[in-house]
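Here is what each chain is made of, one letter per residue.
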Amino acid sequence: PSVGVVGIPFSKGQPRGGTEHGPALLRDYGIVERIQDLGNKVTDYGDLTLDAVEDDKPWNKVKNPRTVGQANRKVSECVSKITRDRQIALTLGGDHSIAIGSIHGHAQSCPDLVVVWIDAHADLNTPLSSDSGNIHGMPLSFIVKEMAPYTARLPGFEWCQPCISARDLIYIGLRDVDEAERAYMTECGIASYSMQEVDKYGLPDMMERVLKTVDPTGKRPIHLSFDVDAMDPEYSPSTGTPVHGGLTRREMYYIAEEIAGTGRLSCLDVVEVNPSLGTEADRKKTVRTTVDVVSHFFGKRREGNVSADFKMP
Ligand SMILES: N[C@@H](CCCCC(O)O)C(=O)O
Ligand SMILES: [Mn+2]
Ligand SMILES: [Mn+2]
Ligand SMILES: [Mn+2]
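Residues numbered from 1 in each chain as written. Chains lettered and ligands numbered in written order. Predicted model: local features only at pLDDT ≥ 70, side-chain atom pairs only at ≥ 80, totals over all residues. Heavy atoms only, no water.

(A) The coordination of the manganese ion (ligand 2), seen in detail. Each protein donor to the manganese ion (ligand 2) is listed here as His96 (ND1), Asp119 (OD), Asp123 (OD) and Asp227 (OD); together their distances run 2.1 to 2.2 Å. The site at the manganese ion (ligand 2) holds six donor atoms, and with the angles between them running 58 to 170 degrees, its shape is irregular. Within one chain, the residues donating to the manganese ion (ligand 2) are spaced in sequence as H-x22-D-x3-D-x103-D. Between the manganese ion (ligand 2) and the manganese ion (ligand 3), a spacing of 3.3 Å is present, and a bridge between the two is formed by Asp119. In this pair, Asp119 is assigned in the loop between β4 (114-118) and β5 (169-172) and Asp227 in strand β7 (residues 222-227), connecting sequence segments 108 residues apart. (Donors = N, O, S within 2.8 Å, 3.2 Å for Na, K, Ca; no water. Tetrahedral: all angles 85-135°; square planar, octahedral: opposite > 155°, others 65-115°. Helix = DSSP H or I, 4+ residues; strand = E, 2+ residues; numbered from the N terminus.)

As structure tokens, this is what we get:
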């Protein structure tokens with residue numbers, strides 16, 4: 001399959017500088033080459049140029065609304081173009097607010113997409129429910145149609161219409177959900193497989209349930225939004241909001257190989273790698289694990305791979 005990679009050097013959805021260096025670090029550790037070496041045809045579109053909006057006053061507690069809105073409009077245009085050209089989009093973040101543009105753009109060319117959100121957090125706060133005011137904790141409230149009554153219209157988001165139904169979204173890995181987010185999920189009927197369900201069902205049964213729930217016909221394009229903080233901090237320490245008791249490297253490999261096996265991965269977000277956090281060893285561990293996991297989303301199989309042009313020796 002052909003893959004379009006775009007770097008989204010962005011950090012204004014949260015207060016810890018450093019996620020803007022995520023794309024460069026992932027590239028330095030060979031994320032593009034690893035995907036190419038698996039036989040994928042890869043086009044690297046480079047990094048988006050994202051500017052801060054002058055005098056971007058908070059909206060209530062919400063920080064950098066215009067800057068985040070403007071950036072996501074660009075993300076949407078870019079992802080829309082990549083997916084319209086029938087390429088799998090790979091967006092390298094950047095904080096998780098970039099998923100607003102990524103899902104919006106993907107939905108322009110694949111309106112029947114489903115979203116699998118792999119994260120320790122629900123990222124479903126609204127501008128009024130958020131305690132932190134960090135938009136990386138709110139992306140899905142701008143995207144899920146049933147959330148519209150609760151989501152205030154922010155300056156900079158005039159372009160953004162919600163584009164998926166609650167039944168087209170499913171979570172994996174939740175273990176740090178705010179009260180309002182839990183209430184919204186119940187109200188809207190959003191399905192979730194938290195770490196409790198991961199342990200209760202085990203991955204094989206859980207992944208079957210996830211895909212059956214969100215895509216029973218097994219035909220719909222998959223938007224996989226992967227927040228590296230879904231993994232246990234043991235594997236991905238350099239991230240802004242780490243939470244203990246997360247997914248292991250093996251568990252992420254399994255999930256990635258099952259998603260890849262559907263042949264319907266249509267956009268992958270890889271977000272919240274923050275090279276500025278932790279020790280040099282933490283940074284190396286985080287980016288190496290992330291690149292390894294991403295290779296399994298793009299065809300790497302632990303049973304072994306044989307390239308198309310392999311000649312039996
Ligand atoms: N729920 C917290 C933490 C959000 C973490 C965001 C990450 O998952 O992208 C908040 O709203 O600030
Ligand atoms: Mn997130
Ligand atoms: Mn998270
Ligand atoms: Mn731990």
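What follows picks up the thread again.
(B) Fine view of unusual backbone geometry. Cis geometry is adopted by the peptide bond preceding Gly94, which originates at Gly93 and carries an omega value of 5 degrees. Positionally, Gly94 belongs in the loop between β3 (88-92) and α4 (99-109). At Asn64, a position not held by glycine, the phi torsion is positive, near 55 degrees. Within the element layout of this structure, Asn64 appears in the loop between β2 (41-47) and α3 (65-84). For Arg86, which is not glycine, the phi dihedral falls at a positive 55 degrees. Take Arg86: it is sitting in the loop between α3 and β3.

(C) Examining the coordination of the manganese ion (ligand 4) more closely. Around the manganese ion (ligand 4), the protein contributes the donor atoms Asp232 (OD) and His244 (ND1), which lie 2.7 to 2.8 Å from the metal centre. Residue Asp232 is found in the loop between β7 and α7 (249-262), and its partner His244 is found in the loop between β7 and α7; the two are separated by twelve residues along the sequence. Accessibility expressed as a relative area gives 14% for Asp232, which makes it buried. Exposure remark for His244: the relative accessible area of 67% places this residue in the exposed category. (Buried < 20%, exposed > 50% of the residue type's maximum accessible area, 1.4 Å probe, protein only.)

(D) Quick peek at the site of ligand 1. The local shell around ligand 1 holds 14 residues, among which Asp123, Asn125, Ser132, Asp178 and Asp227 are the closest. Side-chain polar atom of Asp123 to an oxygen atom of ligand 1: 2.7 Å apart, as the coordinates give it. In the environment of ligand 1, an oxygen atom lies 3.3 Å from a nitrogen or oxygen atom belonging to the side chain of Glu272. Isolated, ligand 1 exposes 350 Å² of accessible area, and the fraction of that covered by the protein chains is 91%. (Near = heavy atom within 4 Å. Polar contact = N/O pair within 3.5 Å; in protein donor to acceptor, adjacent residues only side chain to side chain. Areas by Shrake-Rupley, 256 points an atom, 1.4 Å probe, with all protein chains shown as cover.)

(E) A look at the sheet that holds strand β8 (residues 265-271). The eight strands lie next to each other as β2-β1-β3-β8-β7-β4-β5-β6, forming an open sheet whose pairing is parallel. One side of each edge strand has no neighbouring strand; the edge strands of this open sheet are β2 and β6 (191-193). Each strand axis lies, on average, 15 degrees off the axis of its neighbour in the sheet, ignoring direction. In this fold α7 packs onto β4, β5, β7 and β8, with an angle of close to 165 degrees to the strand it touches most, β7. Contacting β4, β7 and β8, helix α8 (residues 280-297) runs over the sheet at an angle of about 175 degrees to β8. (Pairing = 2+ DSSP bridges. Axes fitted to C-alpha atoms, helices over the stretch in contact; angles between N-to-C directions. Contact = heavy atoms within 4.5 Å.)

(F) Just α3, in detail. Counted at 1.5 Å a residue, the expected span for α3 with its 20 residues is 28 Å, and the 28 Å between its end C-alpha atoms agrees. Trailing α3 by a residue or two, Arg86 shows a phi angle of about 55 degrees, which is positive. (Expected span 1.5 Å × (residues − 1).)

(G) Region of interest: the environment of Ala281. Secondary-structure assignment places Ala281 in helix α8. On the basis of relative accessible area, Ala281 is assigned to the exposed category, the value being 53%. Residues Ala281 and Pro237, spaced 44 residues apart in sequence, show a C-alpha to C-alpha distance of 9.5 Å.

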